[in-house]
Amino acid sequence: MADNKFAAYICSGCGIGDVLNVGALEKIAQKEGKMAIVKNHPFLCNAEGVQLIKDDIANEGVTHLCIAACSRRAKAEAFSFPTVAVSRANLREGVLWVIAEGADHDEVRQEMAEDYVRMGCAEVKKMTLPGGNLKESSSKRILVVGGGMSGMTAALAAADAGYETVVVEKSGELGGFANKLLKRVPFSGPYAEPQPTGAANMTARVSHHPLIKVHLNSTLAETAGAPGRFNAKIAQESGAVAEELVGAIVQATGFTTYDIAKLPELGGGQANVVDQAGLEAMAKAANGGAIKRADGKEVKSVVFVQCAGQRDASGVHLPYCSGHCCATSIKQAMYFKDQNPDVDTVVIYQDLRVPGMGEDFYRSAQQKGVIFTKGKAGRVTGGDNCKVEFRDLILDEDTSAEADLVVLATGQVPSAGVNLDDWTATVTAAESGDETAKAKKIELQKTSVLNLTYRQGPDVPQFKYGFADSHFICFPYETRRTGIYAAGPVRRPMDMLQAQEDATGAALKAIQAVENAARGRAAHPRAWDLSFPKARLEGCTQCKRCTVECPFGAIDEDEKRFPLFNEERCRRCGTCMGACPVRVISFENYSCDTVGSQIKAVNIPDEFEEKPRILILACENDAYPALDMAGIQRITYSAYVRAIPVRCLGSVNTIWITDALNSGYDGVMMMGCKKGDDYQCHFVKGSEMAHYRMSKIGDTLKQLGLEPERVQTQEVAITDNARVARLIDEYVAQINEIGLSPMKGFG
Amino acid sequence: MTTANQNALAKYKNNFLKEVEANVEDGHWVKMCMQCGVCAGSCPLGPHWEHSPQKLFMMIRAGKREEVLGSDSMWMCTSCYNCIVRCPRKLPITHIMHGLANYAHRLDLAPKGQPTRDIAKLFWDNLAKTGRVNELKFSLAMYFKDGFGQGVKNAMAMQATGLGLLKAKRLNPMEIIGGHKCKDISGIKKMIAKAREIEDRRRGLA
């Protein structure tokens, strides 16, 4: 390529020049790296150093540059050259700060630095500057599914920020569950009294907002497209279908209450045993007067049974705590006490959980004379004189309480639509001709909320217990469908205040999504990224692994059954690239070649030198920062490792492992985020996929005549800086014990 | 059964919590307990009580009147104030314990022969007589509270201490006859009677 001009810049600042032989590094970049321009500078990230690079780009026509200085995570602003491809060789955090001081280590330290320069030069030669994915028109409208408190909050937040918003509500009015409530728990000091729900005010604001369009009695018949270009078909009551072009979606479809009929042992279905929603209806009917039972009798005593059908270890009912019900029962007990202090109100609880400032609300109820009894209800009998048998957990005895009315605090069941695992299994069975599966598929489709036309199914993937999956710690609103954000109890059980905070966050994420889509960039966590996967379809074998494994459902199939990439849905994790057995998927700046060439660029000493070489493939989100931080804290580790950051462990293609072992590496260490139910993987499934793929690599190793220990997968958190150094040293010791690879010299 | 007890039973029926709120010193705090158990864990005498403060509060809410007032647990409180200091809900637990003990005593439901109760009674009777505590008479009354034989044994066991106190002039043997008194005994007695009248009226024990 005649137009490409490669240059390498080696920084000797931060002590690099004192410890490393920079001259030798320059020679490596020139001779082995084949860089046309090689320069060193004592302070590359200062204005003068940066200007030196800028001048070369402007005057010498440099198109690709390798900066051998600090970690790619440092000085990102100084070394930002958006018009050229840039690779970084990590001499400071990767060599200088982590290899023990002293002349004893001079040789291995220099070898390590030289390898990193070779790798940086090799990588940049395979990179091209990402062109971005700028679309001519991109919608910045936001669709909110669900018109309850979460949905209305999200709509108002987005509209107040200047974004046109469309609300789709299944029922005939806005307000959702809040409409069923007499009052809500307090959100602000002194947290002592129940407050008006505010649903009417919000409904009015939403209805009259110039930027909000509301579709009542409507559902989503079909949602097609991707961030910036979702096409939502909205089925209206009349049978008409309205089409809305939107850029992002907030799913605020809320919850339903756990069916009280499933709790016969707690009196579900019997007279004068109601759930919290039932009590709200009674309180609304009383309209400030004495609360009366269905038979017209005034309630003089009431028992609230907490955790009814919740926190159930038996596996029959909900296993989780819904979070709001303790405060809700407190509020409802106050309905009675505020009307008539002589009404006996007893709350039987196992652990009174009142998040936020609920403790003050709890205290207020105690002041009003609500009795709180720590106990576990066993059996409830309804009827004219209800009886609650329970175990008193403080006095450790079986006892009972009688009351005119029993209120069961049942939990929230998310309305997240179709369970995709169920869906996939049904579709697979239906495709093989199973008639019941075909019927079931139609039934499932009817329960779908979003009706996405995605290959991976019609709704967002669910996590435990049917809640919409999201990265709980780092990006709670991100579902596994880019541009679709879950807010409120559909995401996890919560109360109204939390739901409203949630909705505000989701609205902001939706705004980010439409803005990123309009700029042709990825969504979080690679929001700056202009690259996107490109497939060389002529090499594709239609194995479908990319379409199945993409954690974000970004890849559909075209009519010829080739993968069809929806770039706007892509998070740029590269899981498809790692999955592809024929390696036809690549990014402009990250591909099987960019990493593969780095692996091959490392100089492998022959076995008589007794210097093992261990490849580290480290997730750039957690493991690579942990390695950097080990350096910042001057925690030393072995100089025999060569670390390459990867976008996600899911992007690791097994060819890299085979290449590394074939070319004489003695071991491969992969470091990714925690997988499983409490995953920390930034791309949800990437780390899990990598672990799964590596569990299958044993056969390959056997074919090569290698020990299984030569490939190791580790879970590393961003805080593991000391541990990561220890893991490396332990692995080097282990490799030394099993001996160097017999593959050296054949690569 | 004392009349006070009969009255209380008639007035509060089964609502013992209300009875405690009305009649026990700081009793209105009982409903504020959140059952964390920090008091039970903090009490240096915890393992020796049948009912920790946490349990007593729960029993009050559960309406276990006889068991609470008949318990000897609150009599075991040494007023170390650990529970008060640690209670996250700021309940004056020590005061409530003494309040409960006092109320149980007034209704004569407190356990018979409970040493703390006996000593407290002896102390009060001694004090109320002259307006001054007669230490010699108080000690002797304590020694002999369980009968003459036991009294002699107690006195012999404490002989060395007694002689030491005599030598150091901390104990006046002449106190056995009358002893020192305050100037206006009848005034003191009137004061005590008036205080009691006010207190009883307040607690509905009159």
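These numbers come from a predicted model, not from an experiment.

Residue and element names in this part refer to chain B. Note that E66 resides in helix 5 (residues 65-69). Here E66 falls in the exposed class, since its relative accessible area comes to 52%. Linking E66 and F16, residues 50 residues apart in sequence, is a C-alpha distance of 9.9 Å.

Now for the confidence of the model for chain B. Of all residues in chain B, 100% attain a pLDDT of 70 or more, and the chain-wide mean is 91. Within chain B, no element has a lower average pLDDT than helix 1 (residues 3-12) of chain B, which sits at 84, and none a higher one than helix 6 (residues 82-86) of chain B, at 96.

What follows deals with the pairing of strand 18 (residues 397-403) of chain A. Residue and element names in this part refer to chain A. Direction of pairing for strand 17 (residues 386-392) relative to strand 18: antiparallel, over a ladder of seven bridges. In the sheet register, C386 faces strand 18, and the bridge partner there is A403. Following strand 17, the chain reverses through four residues before pairing antiparallel with strand 18; D396 in that reversal takes a positive phi of roughly 55 degrees.

In this structure the tally under the stated criterion is twelve aromatic pairs over all chains. Residues A:F177 and A:F255 carry aromatic rings whose centres are separated by 4.8 Å and whose planes lie at 45 degrees to one another, so their mutual orientation is tilted. Here the residue A:F177 occupies a position in the loop between strand 6 (165-168) and helix 7 (199-208), and A:F255 occupies one in strand 12 (residues 255-257), the gap between them amounting to 78 residues. Using a relative accessible area of 26% as the deciding quantity, one classes A:F177 as partly exposed. Exposure remark for A:F255: the relative accessible area of 18% places this residue in the buried category. Here A:F304 and A:F336 contribute two aromatic rings whose centre-to-centre distance is 6.4 Å and whose plane-to-plane angle is 70 degrees, an arrangement assigned as edge-to-face. Residue A:F304 is found in strand 14 (residues 301-305), and its partner A:F336 is found in helix 9 (residues 325-339); the two are separated by 32 residues along the sequence. Residue A:F336 is classed as buried on the basis of its relative accessible area of 3%. One aromatic cluster is present, formed by A:Y320, A:Y465 and A:F467 through successive ring pairs. The side chain of A:R569 reaches across the aromatic face of A:Y454, ending 3.4 Å from its centre. Taking the ring centre of A:Y362 as reference, the NZ or CZ of B:R89 above it sits at 4.6 Å.

Let's shift gears to the sheet that holds strand 11 (residues 248-251) of chain A. Residue and element names in this part refer to chain A. Across the sheet, which stays open at both edges, the five strands sit in the order 7-6-5-11-21 with parallel pairing between neighbours. At either end of the open sheet lies a strand with only one pairing partner, and these are strand 7 (212-215) and strand 21 (484-486). Mean inter-strand twist for the sheet, computed between neighbouring axes without regard to direction, equals 20 degrees. As paired elements, strand 5 (residues 142-145) and strand 6 share four bridges and run parallel to each other. Bridging from a neighbouring strand, I142 pairs with T165 of strand 6.

Attention now goes to the domain arrangement of chain A. Residues and elements named next belong to chain A. The domains assigned to chain A are domain 1 (1-129), domain 2 (142-254 + 460-518), domain 3 (258-411), domain 4 (534-586) and domain 5 (604-747). Distance from the C-alpha centre of domain 2 to the C-alpha centre of domain 4: 31 Å. Across the boundary between the two partners, domain 2 contributes nine residues, which contact eight residues of domain 4. For the domain 2 face of the interface with domain 4, the top three residues by lost area are R229, R480 and T482, together amounting to 52%. Across the contact surface, domain 2 and domain 4 share two salt bridges. R571 is the partner of E478 in a salt bridge, and the nearest nitrogen-oxygen pair spans 3.4 Å. Our enumeration of links across domain 2 and domain 4 arrives at nine residue pairs in polar contact (both at pLDDT 80 or more). Residues that form the side of domain 2 that touches domain 4 fall into these classes: two nonpolar, three polar and four charged.

About the cut-offs
Residues numbered from 1 in each chain as written. Chains lettered and ligands numbered in written order. Predicted model: local features only at pLDDT ≥ 70, side-chain atom pairs only at ≥ 80, totals over all residues. Heavy atoms only, no water. Helix = DSSP H or I, 4+ residues; strand = E, 2+ residues; numbered from the N terminus. Buried < 20%, exposed > 50% of the residue type's maximum accessible area, 1.4 Å probe, protein only. pLDDT = per-residue confidence, 0-100. Pairing = 2+ DSSP bridges. Phe/Tyr/Trp six-rings, centres within 6.5 Å; stacked < 30°, edge-to-face > 60°. Lys NZ or Arg CZ within 6 Å of the ring centre and 35° of its normal. Axes fitted to C-alpha atoms, helices over the stretch in contact; angles between N-to-C directions. Domains from an automatic or database assignment. Contact = heavy atoms within 4.5 Å. Buried area = accessible area lost by both parts, 1.4 Å probe. Salt bridge = Lys/Arg side-chain N within 4 Å of Asp/Glu carboxyl O. Polar contact = N/O pair within 3.5 Å; in protein donor to acceptor, adjacent residues only side chain to side chain. Nonpolar A, V, L, I, M, F, W, Y, C, P; charged D, E, K, R; others polar.

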